[in-house]
Amino acid sequence: MTEPSGETAPEAVPPTDRPGTAAERDAEEKPETAGRPGAGDGATTPEEPGTPEHPRADDTPDTTGRPETDESPEAAEDPTTPEDGTPENGTPDTGERPEAEEPVAGDEARTGADGETGADRESGADGETGTDRESGAADGPDAEEPHAGVAADGGTADGGSSKDLSDAQVELAAQRELRAKIAARKAEKDGPLASGAKLSGTAADLLAAVRAVEGGAASGSGLYEAPEPATRRPAAEAAPEMTVRPPAPERPAAPAPGTTAAVREVLAEGGAPEALAVPVAAALGEGAAAVLREDPWQLLTVAGVKPEQADGFARALLGPATGPGDPRRTVALTVWLLERAALQGHTALEIQAVRAGLAGHAVPDPEEAVETAVSEAAVLVFQEEEPAQDPEADEDAEAAGEDAAAPAAEPEPAAPVLLGLDRYALAEESLADGLARLVRTATADSWEGGELERAAGAHGLVLHAGGEASRAEPVALAAAARARGLRTLVAVHADAGRRALGTTGADAVTVGALLSGAAGPGRDEDGAFALDLLVVLDAPQLDVETGAMLVESLPDGCRLVLSGDPEVLGAPGAGRVFTDVLAARVCPRVASRVPDPGPLGELVSGIGVGELNQVEAPGKEIVIVPVRDAGEAVHRTVQLVADSVPRAIGVPSEQTQVITVGHGGSAGTRALNAALKQRLNPGPGRFGGYDPGDRVAYAPVPGRTVTGTVLSADPEGLRLRCGDDELLVPRDRVEPALRHGWALTAHQAAGARWPAVVVVLPGDAAGGLSRPWVYTAFGRAERHLSVVHGVDQALARAVAEGVAPERTTRLRPLLEGLLAPEEQ
């Protein structure tokens, strides 16, 4: 997934954004129903039945022209035993099937941070910005920013204990602190240098003492006390042990009660839900009520609010005199369009696309609206410079006697004019500057070893591309560098990916834990990590803001190796760091030659090049389970997880992960999780809808999903077991950031693998499929893959042709402008 490459098609239809209660947010529409050809593209080896046929949903017509599946007890003994006499090779075939009726469209998926590029919810978490699609999908439940009442150190604003530190608060607060340091460091470069500002240690202490004496605040006797000599660090020392040290950032200030109350009054006047009071106060600050009364369209700054709702609110406050061309409205809509584009992975949009979006919302003069937004600095405008003409080349051409009558070469098309938000513009420029700094400050050295090791020794920035099996190569590079005495660290996207490496916490951490300070080598006074080499696995999952924070935290001379699979889905947030750096050709690129092993590796490798091959699976590594409708898909999925895979494959239910296209719909994550909970861990949901033993997906921050199991609940929140760690989800974070996790989207699953995976492809999911989606979902399986197949030929078409439009970003031209492209 993440998109280096990753530009993938949306996994879900565009979301419906609306404010309201959790129940209202869950009432979303099902993805659009896509037409299904009659021919099947998957093998027809069904999963064993074992339980009576599950009744179909009343609103989903049955597939016609398909033989009924034999539900006899004999067939239940083996999930790979064909129920209709089809071959047992466990791979897709090309046999024709009678054309099936389309299922009736249901509720649409919400947009989310999933990448949500079209996600399940508008502002999601985990990235999961809503959908699981590549355009910007996120990989976490529908999460959102922490409420203002939660302290940065994990306690609550009303005095909660800081020892129950939440990853979400730690990471978000640390990121704010780091951004402040970065801004301060940049400002220092342009300002005058204060005397003594760069001194540290004993020199700084002496200077402070001298100034104190001069000011009469102290006597001078202390100046003559001999300080203890500082211990000198050896030239090459072993990598320090990584320790868990949660930082103690300042608590974010919660909206004052008076501010929230004033906002609530304004919302009531305009007929808006009171539930918006806290997010509006947090977004607009101390004078939120006055701002909202003056410019009601600022309501669009709250995730989930739609333009029609903001228009109604504005009419209620300002009266009928206001119109669609009101400058306040057009500016707010322009910003809203760019925020929506960021959920789909774009860091900027072409100006024509923004104008078209404004016209779609009845703005009478979109061109003037854009000019107003730019003049008020609400958005930024960019256009890459044209390559300069070389006059000497023209003179040489004339001297060579070129035919003056020859037709002139067609001029290169002008670079498009782009509009963007300052947060993403700053992140891309900071990331480009940081990568160029690493390239220029690294000292070339001759390292013996393979191609990757030699490249890392000679360059400050190296890219490594390959599949799952190739992850061993950058890990081996880190071990070799550590043996040389270099301070080395491996960072991965998800904690499950770290455990899969078989390394200790001192050798590998998640990117989130590293940036938050919960793990890693610590920082110096300038905010830089004490590292000589950082190896980042799952690099396609880096969005531009995370990438910028990571690179800005590396000291001069540090080496950076970005490793990942270019074919997977892209990052859940805005940007496509890995893909853009690959395309810029500004550093060595090492392609792994290590193939993924076994039938699963062969199947996934073929998908990567656009081929859905038939693969021999003698050990039942791959099983195709044809279904006729979404109801049957849910029934078969539960049967596989609870009965068939544990009995026939030997993988227990708790080690089997279900992956589907989106959150909504009759076979989305919500429907599947409800059915799986009823079968695997029934209960009343006494702790906010959860019971001890429930599998959950928690999005501590947008773009990252942590899977675990509910242990217990107390007044402070829910306690989870995630791998070897326990963590607390604060009470106010349970509803927005936690979801049941037996079933995930492909974006949520990116960066992790499970012994067995069940991929669910109901008929109404055909429109959300793409090659990167299929590649990512199928590639999450280590030993066994079951495909609940109801999309007919849509699967083969998605693999052959389903490449999503590219994300619009600026990182590649920025890098090419800073570093001359190199032919590698």
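Each value, and the rule that gives it
Residues numbered from 1 in each chain as written. Predicted model: local features only at pLDDT ≥ 70, side-chain atom pairs only at ≥ 80, totals over all residues. Heavy atoms only, no water. Helix = DSSP H or I, 4+ residues; strand = E, 2+ residues; numbered from the N terminus. Buried < 20%, exposed > 50% of the residue type's maximum accessible area, 1.4 Å probe, protein only. Contact = heavy atoms within 4.5 Å. Areas by Shrake-Rupley, 256 points an atom, 1.4 Å probe, with all protein chains shown as cover. Core = buried A, V, L, I, M, F, W, Y, C linked by side-chain atoms within 4.5 Å. Phe/Tyr/Trp six-rings, centres within 6.5 Å; stacked < 30°, edge-to-face > 60°. Lys NZ or Arg CZ within 6 Å of the ring centre and 35° of its normal. Salt bridge = Lys/Arg side-chain N within 4 Å of Asp/Glu carboxyl O. Axes fitted to C-alpha atoms, helices over the stretch in contact; angles between N-to-C directions. Parallel < 35°, antiparallel > 145°, perpendicular 65-115°, else oblique. Left-handed = near helix turned anticlockwise from the far one by under 90°. Nonpolar A, V, L, I, M, F, W, Y, C, P; charged D, E, K, R; others polar. Pairing = 2+ DSSP bridges. pLDDT = per-residue confidence, 0-100. Patch = residues over 30% accessible without salt bridge, like charges linked within 9 Å, V, L, I, M, F, W, Y side chains within 5 Å. Lys, Arg positive; Asp, Glu negative; His and termini not counted. Charge placed at Lys NZ, Arg CZ, Asp CG, Glu CD. Right-handed = clockwise from strand over helix to strand, strands pointing away.

Engineer: Please provide a residue-by-residue account of the overall build of the protein chain, values included.
Structural biologist: Along its length, the protein chain carries 26 helices and 20 strands. Scored against the burial criterion, the 824 residues of the protein chain give a buried share of 54%. Across the protein chain, contacts joining residues at least 24 apart in sequence account for 72% of those joining residues at least 6 apart. Roughly 34000 Å² of accessible area belongs to the protein chain as shown, and the carbon and sulfur atoms make up 52% of that amount.

Engineer: Hey, could you go over helix H19 (residues 598-608) for me, with residue numbers and the actual values?
Structural biologist: Judged by how many residues are buried, H19 sits mostly within the fold: 8 of 11 residues are covered. Listing the buried residues of H19 in full gives Pro-599, Leu-600, Gly-601, Leu-603, Val-604, Gly-606, Ile-607 and Gly-608. Close packing links the buried residues of H19 with strand S11 (622-626), helix H24 (771-778), strand S20 (781-789) and helix H25 (794-801). Downstream of H19 by a residue or two, Gly-610 has a phi angle that is positive, lying close to 90°.

Engineer: Any details on the nonpolar core? Residues and values, ideally.
Structural biologist: The biggest cluster of nonpolar side chains holds 84 residues, and the ones touching the most others in it are Val-263, Leu-267, Leu-292, Leu-534, Leu-560, Leu-562 and Val-581. Residue contributions to this core peak at 8 residues, all from helix H8 (residues 327-343). If we skip the residues at most four places from it in the chain, Leu-267 touches Ala-272, Pro-273, Glu-274, Leu-276, Ala-277, Leu-292, Leu-299 and Phe-313.

Engineer: Tell me about the packing of aromatic side chains, residues and numbers included.
Structural biologist: We describe a pair of aromatic rings using the distance from one ring centre to the other and the angle between the two ring planes. According to the stated counting rule, one finds 0 aromatic pairs in the structure shown. Over the aromatic face of Phe-382 sits the side chain of Arg-810, whose NZ or CZ is 3.8 Å from the ring centroid.

Engineer: Pulling in residues and values, what's your account of the pattern of salt bridges?
Structural biologist: Counting across every chain of the model gives 26 salt bridges. Salt-bridge contacts for Glu-308 lead to Lys-306; the nearest nitrogen and oxygen are separated by 3.5 Å. Measuring nitrogen to oxygen at the nearest pair gives 2.7 Å for the salt bridge that ties Arg-576 to Asp-580. Taken individually, Arg-576 and Asp-580 each receive the classification buried, so the pair is uniform in this respect. Beyond isolated ion pairs, a larger network of salt bridges with shared partners links Glu-294, Asp-326 and Arg-328.

Engineer: Let's hear about the packing of helix H12 (residues 422-441) against helix H17 (residues 544-552): which residues, and what values?
Structural biologist: Two numbers describe how H12 lies on H17: the axes approach to 8 Å, and their chain directions differ by 40°. By the angle between their directions, the pair H12 and H17 is classed as oblique. For the pair H12 and H17, the sense of crossing is left-handed. Between H12 and H17, the contacting residues are Arg-423, Tyr-424, Ala-427, Glu-428, Ser-430, Leu-431, Gly-434, Leu-435, Arg-437 and Leu-438 on the first element and Val-544, Glu-545, Gly-547, Ala-548, Val-551 and Glu-552 on the second. Within the contact of H12 with H17, the residues separate by chemical class into 8 nonpolar, 3 polar and 5 charged.

Engineer: Tell me about the sheet that holds strand S13 (residues 695-701), and please be specific about residues and values.
Structural biologist: Across the sheet, 5 strands lie side by side as S16-S15-S14-S13-S17; this open sheet has antiparallel pairing. In this open sheet, the two strands that pair with only one neighbour each are strand S16 (725-730) and strand S17 (738-740). The mean angle between the axes of side-by-side strands here comes to 45°, regardless of whether they run parallel or antiparallel. Note: S13 against S17, 3 bridges, orientation antiparallel. Across the sheet, the residue bridging to Ala-697 is Arg-739, located in S17.

Engineer: Just give me the short version of the environment of Gly-610, but keep the residues and values in it.
Structural biologist: Looking at the secondary structure, you find Gly-610 in the loop between H19 and S11. Since its relative accessible area comes to 17%, Gly-610 is described here as buried. Note: C-alpha distance between Gly-610 and Gly-802 (192 residues apart in sequence) is 8.8 Å. Not counting residues up to four positions away in its chain, the partners in contact with Gly-610 are Arg-771, Val-799 and Ala-800.

Engineer: A description of the confidence of the model for the protein chain should follow, citing residues and the corresponding values.
Structural biologist: On average, residues of the protein chain score 75 in pLDDT, and 65% of them are at 70 or above. The low-confidence segment residues 217-252, where pLDDT is below 50, has 60 contacts with residues more than four positions distant or belonging to other chains.

Engineer: Account for the environment of Ala-458, with residues named and values stated.
Structural biologist: Position of Ala-458 among the secondary structure elements: in helix H13 (residues 451-458). In this structure Ala-458 comes out as partly exposed when scored by relative accessible area, which is 31%. Excluding residues that lie within four positions of it along the chain, Ala-458 makes contacts with Ala-444 and Asp-445.

Engineer: Could you give an account of the sheet that holds strand S7 (residues 508-510), with specific residues and numbers?
Structural biologist: With parallel pairing, the 6 strands of this open sheet are ordered in space as S7-S6-S8-S9-S5-S10. Strand pairing shows two members of the sheet lacking a second neighbour, S7 and strand S10 (589-591), which therefore form its edges. Looking at each pair of strands side by side, their axes are set apart by 20° on average, direction ignored. For strand S8 (residues 533-536) and strand S9 (residues 559-564), the ladder comprises 4 bridges, and the chain directions are parallel. Each residue of the ladder has a partner; that of Leu-534, found in S9, is Leu-560.

Engineer: Account for a negative patch on the surface, naming residues and giving values.
Structural biologist: A cluster of like negative charges, contributed by Asp-365, Glu-367, Glu-368 and Glu-371, occupies part of the molecular surface. Within the fold, Glu-367 resides in helix H10 (residues 366-375).

Engineer: How would you sum up the pairing of S9? Please name residues and give values.
Structural biologist: Within S9, 6 of the 6 residues are buried, leaving the element largely enclosed by the surrounding structure. Here S9 shows two buried faces, one formed by Arg-559, Val-561 and Ser-563 and the other by Leu-560, Leu-562 and Gly-564. For strand S5 (residues 461-465) and S9, the ladder comprises 5 bridges, and the chain directions are parallel. From the neighbouring strand, Leu-463 faces S9, where its bridge partner is Leu-562. Between the parallel pair S8 and S9, the chain is carried across by H17, and the sense of this crossover is right-handed.

Engineer: Just give me the short version of unusual backbone geometry, but keep the residues and values in it.
Structural biologist: The backbone of Ala-377 sits at a positive phi, close to 60°, despite the residue not being glycine. A positive phi angle, near 55°, is found at Asp-538, a position not held by glycine. One can find Asp-538 in the loop between S8 and H17.

Engineer: Which residues make up the environment of Ser-446, and what values do they have?
Structural biologist: The topology assignment puts Ser-446 in the loop between H12 and H13. A relative accessible area of 70% places Ser-446 in the exposed class. Note: C-alpha distance between Ser-446 and Ala-458 (12 residues apart in sequence) is 6.3 Å.

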